[in-house]
Amino acid sequence: PALPDMSHPCPSKGAEFARLGFFCRVLTTLCASGCSGMSDEGLESIATRCTVLRALDVGGCSLLTTSISSLTLCPSLTALNLTGCAAPGLPDALTVLSEACPLVSDLGLAR
């Protein structure tokens, strides 16, 4: 199934994604691919509050390792697209993520 597409119109500020996490706690899928407004603050808010998240596409977003690591709070995650995310320390973050989210079977990492 396709992920809900947030890229058109894409929220322009990380605070908008943070609010999404706050108000949509039962969010299970999110496509924010290419959204310049997806910030570390937004991803951390979504990961912290939307713990039933199953599929997330943040391909092309500029994120830091700490926000990617926050996805360990989403143990139901099965699909994750990080294509184009050149976060420093990404391999280490993915190691931690694989241990905390063993259900991930669809992982996108292309540059």
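Now for a description of the structure that goes with this document. What you see is a predicted model, and the numbers here were worked out from it, not measured in a lab.

With respect to the environment of Ala 79
- Locating Ala 79 in the fold gives a position in strand β3 (residues 79-81).
- Placed 22 residues apart in sequence, Ala 79 and Asp 57 show a C-alpha to C-alpha distance of 8.0 Å.
- The residues touching Ala 79, leaving out its near neighbours within four places in the chain, are Arg 54, Ala 55, Leu 56 and Asp 106.

Comments concerning the packing of aromatic side chains
- Tallied over the entire structure, the rule returns one aromatic pair.
- When the ring of Phe 22 is compared with that of Phe 23, the centres are 5.0 Å apart and the planes differ by 90 degrees; the resulting orientation is edge-to-face.
- Judged by its relative accessible area of 40%, Phe 22 is partly exposed.
- Overall, the relative accessible area of 62% leaves Phe 23 in the exposed class.
- Seen from the ring of Phe 22, Arg 25 lies directly overhead, with NZ or CZ sitting 5.4 Å from the centre.

Conventions used here
- Residues numbered from 1 in each chain as written.
- Predicted model: local features only at pLDDT ≥ 70, side-chain atom pairs only at ≥ 80, totals over all residues.
- Heavy atoms only, no water.
- Helix = DSSP H or I, 4+ residues; strand = E, 2+ residues; numbered from the N terminus.
- Contact = heavy atoms within 4.5 Å.
- Phe/Tyr/Trp six-rings, centres within 6.5 Å; stacked < 30°, edge-to-face > 60°.
- Buried < 20%, exposed > 50% of the residue type's maximum accessible area, 1.4 Å probe, protein only.
- Lys NZ or Arg CZ within 6 Å of the ring centre and 35° of its normal.

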